[in-house]
Amino acid sequence: MAMTQDELKRAVAKAAADHVATQVPAGSIIGVGTGSTANFFIDELAKIKERVAATVASSEATRKRLEGHGIKVLDLNEVTALPVYVDGADEITAGLAMIKGGGGALTREKIVAAVAAEFVCVCDQSKLVDTLGKFPLPVETIPMARAHVARALEKLGGQPKLREGFVTDNGNVILDVHGLAIADPAGLETAINQIVGVVTNGLFARRPADLLLLATPTGVRTLKA
């Protein structure tokens, strides 16, 4: 019988919690991402919360879910070392470059990932692609620069569309860029971040995942960069 997407997400979330339990020293601070798969991971993390000193959340929604389980959440500025960060992806390649930000938390996710010694990506096999870009690339933008950034993104070959009725936790807007086939993720990540008014974009290629836990109907596969 075929597994539902939620069953796949739950299986990979459990594998990520097992990784934390066996590979991360007890009493560590854990970085936690945002989104549906990350939510399943939070639920699994709650079962081993006595091993975790505290967490750092990549969004307000994640912070609330962690605190709802009685798991301590710290501000990242209070933390000097983060052994692991666990988060999902909207798309990921075999080289572990990703598009993230479908949930709108890309900037905070990227900051937490930058601090973490290890980035563990958790997703189901539908997210593994040969070339990034079928999923629209989110670009977090200062509101007054929205039109300027959109014109610059068009020059890069994309079709930006404002995410209507959405404001990030940082008070900014998101342009979702359609129509890209991203042959050089790290190069495009840098080019977009050079546009004045861009906070950051959803390409995680300069800091890719270190480990991918990929849920398949026959079990959770492990891919390393």
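See the structure above.
Q: What should I look at first to understand the overall build of the protein in this one?
A: A tally of helices and strands in the protein yields 6 helices and 13 strands. Over its C-alpha trace the protein gives a radius of gyration of 17 Å, about what one expects of a compact globule, namely 17 Å for 225 residues. Reported as C-alpha extents along the three principal axes, the dimensions of the protein are approximately 50 × 40 × 30 Å. Within the protein, the proportion of its 225 residues that are buried is 52%. At a minimum sequence separation of 6, the contacts of the protein that also span at least 24 residues come to 74%. Measuring between centres, the 24 positive side-chain charges of the protein sit 1 Å from its 25 negative side-chain charges.

Q: Can you help me understand the environment of T107 in this one?
A: Relative to the helices and strands, T107 is located in helix α4 (residues 106-115). Assessed through its relative accessible area of 9%, T107 is described here as buried. With sequence-adjacent residues up to four places away left out, T107 is seen in contact with E140, N170, V199 and T200. There is a polar contact of 2.7 Å between the side chain of T107 and the side chain of E140.

Q: Looking at this model, I keep getting lost on helix α1 (residues 5-23). Mind explaining?
A: An α-helical turn contains 3.6 residues, so any two residues separated by three or four positions project in the same direction. For α1, built from 19 residues, the straight-helix expectation of 27 Å at 1.5 Å per residue is met to within 8% by its first-to-last C-alpha distance of 26 Å. Burial in α1 covers these residues: L8, K9, V12, A13, A16, A17, H19 and V20.

Q: Whenever I open this one, the sheet that holds strand β8 (residues 159-162) confuses me. Can you help?
A: Think of a sheet as strands paired side by side through backbone hydrogen bonds, with each pair either parallel or antiparallel. Pairing in this open sheet of 4 strands is antiparallel, and the strands run β8-β9-β7-β10 from one edge to the other. Every interior strand has two partners, whereas the edge strands, β8 and β10 (198-201), have only one. Averaged over all neighbouring strand pairs, the angle between strand axes comes to 30°, with direction disregarded. Pairing between β8 and strand β9 (residues 173-178): 4 bridges, direction antiparallel. Pairing of P160 across the sheet is with V177, part of β9.

Q: Honestly, the nonpolar core in this entry has me stumped. Any pointers?
A: Nonpolar side chains tend to gather and get buried jointly when the protein is soluble and globular. In this structure, V20, F41, L45 and V86 are the most contacted members of the largest nonpolar core, which totals 26 residues. For this core, the secondary-structure elements that each account for two or more residues are α1, β1 (28-32), α2 (36-45), β2 (52-57), β3 (84-87), β6 (119-124) and β12 (211-216). Top contributing element to this core by residue count: α1, with 6 residues. Those residues within four positions of F41 in sequence are excluded, and the remaining contacts are A13, A16, A17, V20, V32 and V86. In this structure, A54, Y85, A113 and C123 belong to the second largest nonpolar core, which totals 23 residues.

Q: Could you clarify how one ought to interpret a nonpolar patch on the surface in this entry?
A: Together, I142, M144 and V199 give the surface a local cluster of nonpolar side chains, amounting to about 310 Å² of exposed area. Residue position: I142 is located in the loop between β7 (137-141) and α5 (146-155).

Rules and cut-offs
- Residues numbered from 1 in each chain as written.
- Predicted model: local features only at pLDDT ≥ 70, side-chain atom pairs only at ≥ 80, totals over all residues.
- Heavy atoms only, no water.
- Helix = DSSP H or I, 4+ residues; strand = E, 2+ residues; numbered from the N terminus.
- Rg over C-alpha atoms; globule rule 2.2 N^0.38 Å.
- Buried < 20%, exposed > 50% of the residue type's maximum accessible area, 1.4 Å probe, protein only.
- Contact = heavy atoms within 4.5 Å.
- Lys, Arg positive; Asp, Glu negative; His and termini not counted.
- Charge placed at Lys NZ, Arg CZ, Asp CG, Glu CD.
- Polar contact = N/O pair within 3.5 Å; in protein donor to acceptor, adjacent residues only side chain to side chain.
- Expected span 1.5 Å × (residues − 1).
- Pairing = 2+ DSSP bridges.
- Axes fitted to C-alpha atoms, helices over the stretch in contact; angles between N-to-C directions.
- Core = buried A, V, L, I, M, F, W, Y, C linked by side-chain atoms within 4.5 Å.
- Patch = residues over 30% accessible without salt bridge, like charges linked within 9 Å, V, L, I, M, F, W, Y side chains within 5 Å.
- Areas by Shrake-Rupley, 256 points an atom, 1.4 Å probe, with all protein chains shown as cover.
- Salt bridge = Lys/Arg side-chain N within 4 Å of Asp/Glu carboxyl O.

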